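Residue strings, one per chain:
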Amino acid sequence: TPHPCTHTPHTCSWEMWTSSHLPRGAAHVTMQGAAAIARKLSIDFTPALIGFEVKAGRAIPNIHGIIVAKANEAIILDAEHAHRAAQVEEEAKRMQRKALADWKMLANQLFTRRAVEARFESVYGRPAP
């Protein structure tokens, strides 16, 4: 029988106390951000409820990962790897832009210092380099 939440994957969760509770033809994707990727790719999923935590006397659901069709698991994993690669590339570009800006600032400060020393040579008592 189909899961009662199939038509509304974002409003309820699948109780998965052990790995044997995973439905046939489904996969448990536990990587961080899997739900966002599935949502972006319009892939049906449901959050995986793996237990409860007691905090301040209240039972709080412990959601870990999502449940998707086994055929969609590879699509989500590939999309996650591509997303991480793009993040790494963007971070490298950002750091390169920051390093270039830092070097420009250093060069400007050195030119300014040289100009001040040349102008006020008598105060410093030595000629500008």
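So, here's what we can say about the structure. The structure presented is a predicted model; accordingly, all values stated were derived computationally and were not measured.

### Focus: the environment of Ala74
Stage number 1. Structurally, Ala74 is set in helix H2 (residues 70–119).
Stage number 2. Of the residues examined, Ala74 reaches a relative accessible area of 42% and is grouped as partly exposed.
Stage number 3. Along the sequence, Ala74 and Ala27 sit 47 residues apart, while their C-alpha atoms lie 9.8 Å from each other.

### Some words on the sheet that holds strand S2 (residues 26–29)
Stage number 1. With mixed pairing, the 4 strands of this open sheet are ordered in space as S1-S3-S4-S2. Only two strands of the sheet have a single partner each, and these edge strands are strand S1 (14–15) and S2.
Stage number 2. Where S2 meets strand S4 (residues 58–69), 4 bridges bridge the pair, whose relative direction is antiparallel. Note on S4: the bridge partner recorded for Ala26 is Ala69.

### Re unusual backbone geometry
Stage number 1. With a phi angle near 60°, Ser42 is a residue other than glycine that sits in the positive phi range.
Stage number 2. Relative to the helices and strands, Ser42 is located in the loop between helix H1 (34–40) and strand S3 (46–55).
Stage number 3. Looking at Ser42, the relative accessible area reads 65%, which means it is exposed.

### Remarks on the pairing of S4
Stage number 1. Summarising the sheet, S3 and S4 pair through 8 bridges and their orientation is antiparallel. Pairing of Lys55 across the sheet is with Arg58, part of S4.
Stage number 2. Counting the residues in the hairpin turn of S3 and S4 gives 2 residues, including Ala56, whose phi is positive at 55°.

### Remarks on the pattern of salt bridges
Stage number 1. Inspection of every chain in the model, using the stated rule, returns 7 salt bridges.
Stage number 2. Notably, a salt bridge pairs Glu53 with Lys55, separated by 3.5 Å at the nearest N-O pair.
Stage number 3. Looking at Glu53, the relative accessible area reads 33%, which means it is partly exposed.
Stage number 4. Its salt-bridge partner being Glu117, residue Arg113 comes within 3.1 Å of it at the nearest N-O pair. Here Arg113 and its partner Glu117 are both found in helix H2, 4 residues apart, which amounts to about one turn of the helix.
Stage number 5. Classification of Glu117 as buried rests on a relative accessible area of 9%.

Basis of the calculations
Note that residues are indexed from 1 along each chain, following the sequence as it is written. Residue-level local features of this predicted model are given only where pLDDT is at least 70; pairs of side-chain atoms are given and counted only at 80 or more, and the full residue set underlies all totals for whole chains, interfaces and linings. Heavy atoms from the whole structure form the basis of all side-chain values; hydrogens and water molecules are not counted. Only runs of H or I of at least four residues qualify as helices and only runs of E of at least two qualify as strands under DSSP, and these elements are numbered from the N terminus. Buried, partly exposed and exposed residues are distinguished by accessible area as a fraction of the type maximum, computed with a 1.4 Å probe on protein chains only: under 20%, between the cut-offs, and over 50%, respectively. Between any two strands, at least two bridges found by DSSP are needed for them to pair. One speaks of a salt bridge when a side-chain nitrogen belonging to Lys or Arg is within 4 Å of a carboxyl oxygen belonging to Asp or Glu.

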